[in-house]
Amino acid sequence: MAARGHVQDPNDRRLRPIYDYLDNGNNKMAIQQADKLLKKHKDLHCAKVLKAIGLQRTGKQDEAYALAQEVAALEPTDDNSLQALTILYREMHRPELVTKLYEAAVKKVPNSEEYHSHLFMAYARVGEYKKMQQSISAQDENLSKTMFLPLAERMVEKMVKEDKIEAEAEVELYYMILERLEKYQEALDVVRGKLGEKLTSELQSRENKCMAMYKKLCRWPECNALSRRLLLKNSDDWQFYITYFDSVFQLIDESWTPPLEEEHSLEGEVHYSIEQAVKFIEERIAEESKSNRPLRGPYLAKLELIRRLRCRGCNDEYKLGDPEELMFQYFIKFGDKPCCFTDLKVFVDLLPSSQYTKFISQLLEVIPLSSTTESEIALPADIKALQQHLCVVQLSRLLGVYHAMDKKQKLTVVRELMLRYRHGLEFGKTCLKTELQFSDYYCLLAVHLLLDLWLEEGEEMAVWQCLTLLEEGLSHSPSNAQFKLLLIRIYCRLGAFEPVAELYSSLDAKHIQHDTIGYLLTRYAESLGHYAAASQSCNFALRFFHSNQKDTSEYIIQAYKYGAFEKIPEFIAFRNRLNSSLHFAQVRTERMLLDLLLEANISSSLEESIKSMSLSPEEDDIPWKDLRDNRDLTVLFNWDPKDRDISEEHRKLSLEEETLWLRIRSLTLRLVSGLPTLSHSIQPKNSEKTAENGVSSKIDTIRSLLQQLEAAVDSGKKFLEQKIQYPVLGPPPTRMAGFFSNGSCQCQTSLFYLVSDIYELDTNGLEDSAEVQERIGSSFKSLIERLTDLFNKCKGDLIEVRDGTLRTQPNLLENLVFFVEPPVFTHFLDYVTELQTLTSNVIDHIKGLEIILAALKLEELSLKDTLLLQEEKKFTKTVQGKVQSSYHHSIQEIGELLKKRLDTIKKLKI
C-alpha cells in the first residue's frame with residue numbers, strides 16, 4: 001500500500017505515516033496516527049478510511065463499516081479515498097460496495113477515463129455483465145477502442161477495415177466473437193488471412209484454429225489434408241492422428257472423390273480411402289525407424305486404425321498385421337517406459353480372450369530376469385527390466401488373469417509381488433523422500449489382490465494385510481499419493497477416521513482438489529463420530545469455495561487488462577461450475593447440521609443458532625437443476641478389467657444417490673430452522689389459512705416441507721431397492737441406506753410430525769382436541785420405542801477377535817451417530833423421563849465400549865497368518881493400534897455430546 005506514485009497533493013505527505021504503519025502490520029499505531037491527523041484536518045476523508053482499515057484489521061468490523069459508510073455517503077472523488085475504500089471493501093468481502101463507490105464517482109466526474117475503468121472492473125468482479133456493457137458505452141472514444149472489444153463485433157470490424165488491429169490479442173478477440181456468433185466461415189477467413197499471421201504466441205495456434213473451423217463447417221477434405229500435413233512435420237502428435245482418421249472415414253462415408261483438374265483442397269492433398277490411410281501409417285513407421293529418438297505415435301496409430309476398422313466391420317485390418325504381434329513388438333520397443341501400460345490398455349480389446357495367457361507368457365519370455373541363490377523367483381537386474389516386468393504384471397491384472405485365480409493362488413501372487421517390491425527398493429536407495437520408489441506399483445497391485453479377497457470372498461484377515469503393506473510402502477515412499485488415498489478408503493471402510501485426517505493433510509490438496517477429492521474426507525468424518533475433525537474438514541472445503549468467487553473475479557479482471565479475452569468465458573464457466581458444485585452444497589448443508597448438533601440447546605438456544613446462520617425454512621439456495629458432480633472418481637489407480645471398473649452408469653447412479661441424500665439432509669435442515677418460529681408465536685384459531693398478504697403461515701411451511709421430505713424419503717427407498725454395488729474403488733455410497741435401515745429416518749420424521757401436532761393442539765386449545773391429544777400420546781410412545789430400537793442396533797463390540805482373526809463392526813459407530821441426531825430436535829418432548837433413561841443407558845453402553853477398547857491389548861495378540869513376515873508384523877501392530885485409537889476417539893466424542901444432550905433433557909420443563 002505504501003508503494004504509491006508521487007502525488008503533488010500535500011495530503012499525501014500527511015497520510016504517508018499511516019500507510020507505513022498499515023503496511024508494517026502496526027494497525028493500532030495507524031489508528032492513533034489517523035486520529036491525530038483528523039483532529040487537525042476534519043475533512044480529510046482518506047484518513048478516516050485508513051483508520052477504518054486499521055479497525056477492520058483489529059477485529060472491529062462494525063466500527064470500520066460505520067466509518068467507511070460515513071465517507072462513502074459523501075461520494076468522494078479523490079484518488080486516495082477511492083483506493084483506500086476499495087481496499088477496505090475487498091477485505092470486508094463486499095465487492096458490491098465498490099461498484100456503488102465508482103458509480104457515484106463517475107456521475108461526478110463523467111470524463112474520467114480512470115474512474116470508468118475502475119467501474120468496469122468492479123462490475124466484472126460481481127458478474128454484472130450488462131452493466132459492464134453500459135459502463136463501456138458511456139466512455140470516451142479512446143477507452144471504447146480498448147475495452148469495448150469483447151462486447152461489439154462491429155467495433156472490431158471497423159478496426160479491421162481501418163487496418164488498426166495490431167496486437168495478437170485483438171485477433172484472438174475477433175476470432176472469438178465470430179466463433180460465438182457461429183460465423184465459422186468468417187472466422188476461418190480471419191485465421192487464414194493476413195490477420196492470422198499475428199497468431200504466434202502458441203505453437204500451431206493458427207493450424208489448430210483452422211482445424212476447429214473446418215470441423216464446424218464439416219469440410220473434411222481440408223481437415224484431412226491439414227492433419228496429414230502436420231503429421232508429416234511431427235509424426236508423434238496424437239491429436240492429428242485422431243483428426244486424420246475421423247476425416248478419412250467421413251470422406252469414405254460420403255463417397256468423396258477429388259476434383260479432376262483442381263487442387264484436392266485448400267490445404268493440399270487429401271486421403272480418402274483405407275488403402276491410402278494404411279500406406280500413410282506404414283510410411284510414418286518407416287520414417288520413425290530412421291529417427292534418433294523412438295516415437296510412439298506411428299505404432300499406436302496403426303493399432304488405432306485396426307480398432308476403427310474392426311468397429312466398422314471392415315475386412316481390411318489384415319493389411320496392417322496381427323494386433324497381438326503388433327502389441328508384442330510395441331512392448332519390445334517401449335516396454336521399459338512407464339507409459340507402455342497406459343498405451344496398450346486402450347487396445348487390449350483387440351486380443352481374443354483365449355489368447356490372454358499366451359500373450360502374457362510371450363511378454364514374460366523377453367524380459368531379462370535372473371534367478372539368485374537368495375530367491376526362488378527370477379528378479380530384474382536393472383530398472384529397465386523392472387519396468388518391463390511391472391508392465392506385464394499390470395496387463396495381467398487388466399486382462400483378468402489374477403481374477404481367475406483361487407484364494408491360494410492369489411496369496412502366492414501377493415507374496416511374490418511383495419518380494420519383487422522389496423527387491424526393487426534396492427534401485428531406489430538414492431531417491432529423495434519426495435520421489436517415488438520404482439517398485440511401488442508391485443505393492444499397490446498386491447493390495448488390490450488382497451482387497452478382492454476381503455470384499456469378494458470375506459477374508460477378514462486380508463484387510464489387515466492391505467493396511468500393513470500400504471503402511472510399509474508409505475514408510476519407503478512418503479510422497480506416494482496412491483498409498484495415502486488407498487489407506488484413506490480402507491480406514492474409512494473399517495470406520496477408523498483418526499488416521500485419515502493426518503493422511504489427507506499430508507496429501508497437501510491444493511485449490512480445485514478440495515472439490516474433486518474432498519468427498520473422501522467429508523463423507524466419513526461426521527458419520528464416524530469425529531465431530532471436531534468433521535467441522536475442520538468442512539471449514540477447509542468452504543474456505544476454498546468462498547474464496548473462489550473473489551479469486552475468479554480477479555482472474556477475469558487480469559484477463560481484461562492484458563487482453564486475454566478468450567480466457568474470460570473459461571473463468572466465468574469455472575466460477576459457475578464451482579458455485580453449482582454438488583460437494584459445495586453437501587458441505588454447506590452438513591456443516592450447518594453439524595453446528596446445530598454440537599451447539600443448539602447446549603452452548604446456545606436453537607433459535608440463536610439458526611439466527612446466527614441466517615437460516616430460513618422458506619429459502620432453498622441449492623441449484624438443484626444445475627448441480628455439477630466435480631468428484632474425481634478415478635483418482636485411485638485401477639487395473640481392473642472393464643466389467644469390474646467404474647462405468648458411466650455407476651457415475652450416474654452415484655450422482656442420483658448423492659442428490660437424493662442431499663435433498664433429505666437439506667429438507668431436514670430447513671425443517672429444523674422452522675421449529676423456533678412455532679415455539680413462541682402461537683397464532684389464534686384459523687391462522688393456518690393463508691395470511692392477508694398471500695404469504696403462507698409458518699406451520700404451512702413446515703407441513704409443506706414435511707410432505708417434500710416424505711417424497712424424498714420414498715424416492716430414496718426406491719433407489720435403494722436397486723441394490724447397486726459400486727466397484728471396490730468406485731464412489732463410496734452415501735449414509736442413506738443406514739439412515740433407513742436403523743430407524744433413524746422414522747425417528748426424525750416422527751419428531752417433525754409431533755411438532756406439527758403440538759402446534760395444532762396449542763392453536764386450537766384443549767376443547768374438541770381429544771383426537772389430537774391421543775395422536776400426540778401415541779407419537780411420544782412410539783418415538784421412545786423407535787429410539788430404543790435404534791439403541792439396540794448400536795449394541796455390540798466394535799472390535800472382536802474370533803478364531804484368531806480380528807473383526808470390526810463399523811456400522812455400530814454409524815448407528816450411534818444417527819442415534820445422537822434426533823434428540824437435537826426434542827425440546828418439545830413431554831415424555832422427558834423415558835428419554836432421559838434411554839440416553840443414560842446409551843452413555844453407560846458407551847462407557848462399557850471404552851473400557852473394552854482400553855482393555856484390548858492388540859499388541860499382545862497373535863493373529864493366525866503364516867504369510868506375515870517379521871518386518872510386516874511391526875506395521876500390523878501400528879495399523880491395529882490406529883484403528884483401536886480411532887474407535888476410542890469416536891466413542892469418546894459421541895459420549896461427550898450425549899452427556900451434553902442429557903443435561904439439556906434434564907432442564908426441559910414439562
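Residues numbered from 1 in each chain as written. Predicted model: local features only at pLDDT ≥ 70, side-chain atom pairs only at ≥ 80, totals over all residues. Heavy atoms only, no water.

1. Description of empty space enclosed by the protein
And step 1. Per the stated rule, a full pass over the model turns up 9 cavities of 30 Å³ or more.
And step 2. If you add up the space inside the largest cavity, you get close to 330 Å³.
And step 3. The element contributing the most residues to the lining of the largest cavity is helix α31 (residues 582–599), with 5 residues.
And step 4. Here the lining of the largest cavity is composed, by residue class, of 9 nonpolar, 5 polar and 7 charged. (1 Å grid on protein atoms, 1.4 Å probe; cavity = no way out; pocket = protein on both sides within 12 Å on 5 of 7 lines; lining within 4 Å. Points joined across faces, edges and corners; volume = space filled by probe spheres on them. Helix = DSSP H or I, 4+ residues; strand = E, 2+ residues; numbered from the N terminus. Nonpolar A, V, L, I, M, F, W, Y, C, P; charged D, E, K, R; others polar.)

2. Observations regarding the environment of V817
And step 1. Looking at the element boundaries, V817 is found in helix α39 (residues 810–820).
And step 2. Those residues in contact with V817, other than ones at most four positions away along the chain, are E526, S527, L528, G529, Y531, R735 and I894. (Contact = heavy atoms within 4.5 Å.)

3. What to know about the environment of K302
And step 1. Residue placement: K302 occurs in helix α17 (residues 297–311).
And step 2. Separated by 17 residues in the primary sequence, K302 and I285 have C-alpha atoms spaced 8.9 Å apart.
And step 3. When neighbours within four sequence positions are excluded, K302 is seen to be in contact with I281, E282, I285, L320 and L326.
And step 4. In this structure the side chain of K302 is engaged in a polar contact, spanning 3.1 Å, whose partner is the side chain of E282. (Polar contact = N/O pair within 3.5 Å; in protein donor to acceptor, adjacent residues only side chain to side chain.)

4. Focus: the environment of D406
And step 1. Relative to the elements of secondary structure, D406 occurs in the loop between α21 (383–398) and α22 (407–424).
And step 2. Separated by 47 residues in the primary sequence, D406 and L453 have C-alpha atoms spaced 9.5 Å apart.
And step 3. Here the side chain of D406 touches Q409 through a polar contact of 2.8 Å, landing on its backbone nitrogen.

5. Some words on the layout of surface pockets
And step 1. In this model, the largest pocket occupies a volume close to 1,100 Å³.
And step 2. Residue lining of the largest pocket: 38 residues in total, with R493, R523, Q725, P733 and T734 positioned closest to the centre.
And step 3. If you list the elements that add at least two residues to the lining of the largest pocket, you get α23 (440–457), α25 (481–493), α35 (698–720), α36 (736–741) and α39.
And step 4. Looking at which element gives the most residues to the lining of the largest pocket, the answer is α39, with 4 residues.

6. As for the confidence of the model for the chain
And step 1. Across the chain, the average pLDDT comes to 84, with 86% of residues at 70 or higher.
And step 2. When pLDDT is averaged over each helix and strand of the chain, the minimum, 43, is found for helix α9 (residues 141–147) and the maximum, 96, for α21.
And step 3. Considering only residues more than four positions removed or in separate chains, one finds that residues 680–696, a stretch of pLDDT under 50, has 18 contacts. (pLDDT = per-residue confidence, 0-100.)

7. Brief notes about the packing of helix α14 (residues 220–233) against helix α15 (residues 238–253)
To characterise two packed helices, one gives the angle between the axes of the helices and the distance between these axes.
And step 1. Two elements in contact, α14 and α15, have axes whose closest approach is 8 Å; the angle formed by their N-to-C orientations is 145 degrees. With respect to the hand of their crossing, α14 and α15 are arranged in left-handed fashion. When α14 is examined against α15, the residues W220, P221, C223, N224, S227, R228, L230 and L231 are found in contact with a partner set consisting of F240, Y241, T243, Y244, S247, V248, Q250 and L251.
And step 2. Grouping the amino acids of the contact of α14 with α15 by side-chain chemistry returns 10 nonpolar, 5 polar and 1 charged. (Axes fitted to C-alpha atoms, helices over the stretch in contact; angles between N-to-C directions. Left-handed = near helix turned anticlockwise from the far one by under 90°.)

8. Notes on the side chain of S744
And step 1. With respect to the helices, strands and loops of the structure, S744 is situated in helix α37 (residues 744–764).
And step 2. If near-sequence neighbours (up to four positions away) are discounted, S744 is found in contact with F739, L790 and F818.

9. Here we look at unusual backbone geometry
And step 1. We note that H93 has phi near 60 degrees; this positive angle belongs to a residue other than glycine.
And step 2. Note that H93 resides in the loop between α5 (79–91) and α6 (95–108).
And step 3. Looking at H93, the relative accessible area reads 59%, which means it is exposed.
And step 4. Phi at S614 takes a positive value of approximately 55 degrees, unusual for a residue other than glycine. (Buried < 20%, exposed > 50% of the residue type's maximum accessible area, 1.4 Å probe, protein only.)

10. A word on the pattern of salt bridges
And step 1. For the structure on display, the rule yields 42 salt bridges.
And step 2. A salt bridge links R284 to E283; the nearest nitrogen and oxygen atoms lie 3.9 Å apart.
And step 3. On the basis of relative accessible area, R284 is assigned to the buried category, the value being 4%.
And step 4. Between D620 and R670 there is a salt bridge whose closest N-O contact spans 3.6 Å. A residue pair is termed long-range when its members are at least 10 positions apart, and D620 in the loop between α32 (606–612) and α33 (648–674) and R670 in helix α33 qualify at 50 residues. (Salt bridge = Lys/Arg side-chain N within 4 Å of Asp/Glu carboxyl O.)

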